[in-house]
Each structure stands twice: as structure tokens, then as C-alpha cells.
Amino acid sequence: MASFGLGKMSDFLLPTLSRKRDVDCIIRDTLDKVLVLRFGRAADPLCLHFDEILSKTSREVSKFATIALVDVDSEEIQVYVKYFDITLVPSTVFFFNAHHMKMDSGTADHTKWVGSFHSKQDLIDVVEAIFRGAMKGKLIVSCPLPPERIPRFQLLFKDV
């Protein structure tokens, strides 16, 4: 079962997952909706900013998306942290009917969104694009945001 922290507004609205079993279940059980998993730390300022955007957006996207927070410092979650190569937080991974959804945002990594969104509307636009693409059977979609609103990070790849 998901654990809920105390003290932050986002914790009251969004489940925080810290066990592998909880992440497995939410991926498996979220059907016909986009699953938005934010990997991060509750104490990180950028994560807190993003969590507020997620919290404010969750109701508006509830018909086509489910949002959950994943604690990257939890020992049980490390299998997902390694699998999705979560090195910067926040990082967001999207699923639809248990399929990992990818997004081409003009960055080297299509497997996740690294960083926060500039606004609530940017997040809604991205989740809607993923939902529309998934409903058409696509596993990768194009990012609907203009390049200046996409976070850029210098990615270093090991053993490439």
C-alpha cells in the first residue's frame, strides 16, 4: 500500500510509493489512463516545485491520467532507479496499460522527462499528447512543447 507523508500539500493529494511492490501494482493496475511516475526526493527544492505542479494538475487530468510520486532513496525502489537510469531528480516516467511510453522531446533520452515543467499547462499538454498517442497504439510520441520550455541537461553516457 502507498505511504503518505505529512506536512506537504502534495503528499495529501498524491500517493508516495517507496516499495517495489507498490510501483509494480500501480503500473499493472492503471488501465486506459496515462500513469505519471515522478521519481525524486521530497526534500529537493526542484522536486517540491514539480510536486506542486503535479498536485494542482492531478484533478484536471484525472479522467485520462494517474499521478504518483516515487521515493528514489527507498532501497526497494533502486531496481527502478537503475532500470530507468534515474541520475537527476525529478525524473518522470510515463506508462499506458503497463507499457512504458517514450517521448521525443529533442533530447538524447526519450525514456523519461528530466526536470520539472514550467507550468501546469505544459504538463497537461504532455500528458494529453501521451494519452492521444497511446490510444492510437504508439509507444513513442513527439513532445508538444516548444524547445524553450523543455529542460536541457548535459547527459553523460557510461560505457558507450
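I will try to describe carefully the structure that is included in this document. (Residues numbered from 1 in each chain as written. Predicted model: local features only at pLDDT ≥ 70, side-chain atom pairs only at ≥ 80, totals over all residues. Heavy atoms only, no water.)

1. Some words on the side chain of Q78
Its location among the elements puts Q78 in helix α4 (residues 78–83). A distance of 2.6 Å separates the side chain of Q78 from the backbone oxygen of V72, its partner in a polar contact. A polar atom in the side chain of Q78 sits 3.0 Å from the backbone oxygen of S74. In contact with Q78, other than residues within four places in its own chain, are V72 and D73. (Helix = DSSP H or I, 4+ residues; strand = E, 2+ residues; numbered from the N terminus. Polar contact = N/O pair within 3.5 Å; in protein donor to acceptor, adjacent residues only side chain to side chain. Contact = heavy atoms within 4.5 Å.)

2. Details of the packing of helix α3 (residues 45–58) against helix α5 (residues 120–135)
Direction vectors running N to C along α3 and α5 enclose 65 degrees, while the axes themselves pass 9 Å from each other. At the point where α3 passes α5, the crossing takes the right-handed sense. Listed contacts from α5 to I53, L54, K56 and T57 of α3 are K120, L123 and I124. Taken together, the residues of the contact of α3 with α5 sort by class into four nonpolar, one polar and two charged. (Axes fitted to C-alpha atoms, helices over the stretch in contact; angles between N-to-C directions. Left-handed = near helix turned anticlockwise from the far one by under 90°. Nonpolar A, V, L, I, M, F, W, Y, C, P; charged D, E, K, R; others polar.)

3. Quick look at the pairing of strand β2 (residues 34–40)
Side chains on a regular strand alternate between the two faces of the sheet. Where burial is concerned, most of β2 is hidden: seven out of the seven residues are buried. Here β2 shows a buried face lined by V34, V36, R38 and G40 and a second buried face lined by L35, L37 and F39. Pairing geometry for β2 and strand β3 (residues 65–71), over seven bridges, is parallel. When the bridges of β3 are listed, V34 appears paired with A65. Examined bridge by bridge, β2 and strand β4 (residues 91–96) share six bridges and lie antiparallel to one another. Paired with L35 across the strands is F95, a residue of β4. (Buried < 20%, exposed > 50% of the residue type's maximum accessible area, 1.4 Å probe, protein only. Pairing = 2+ DSSP bridges.)

By themselves, these figures tell us nothing about what the structure is for.
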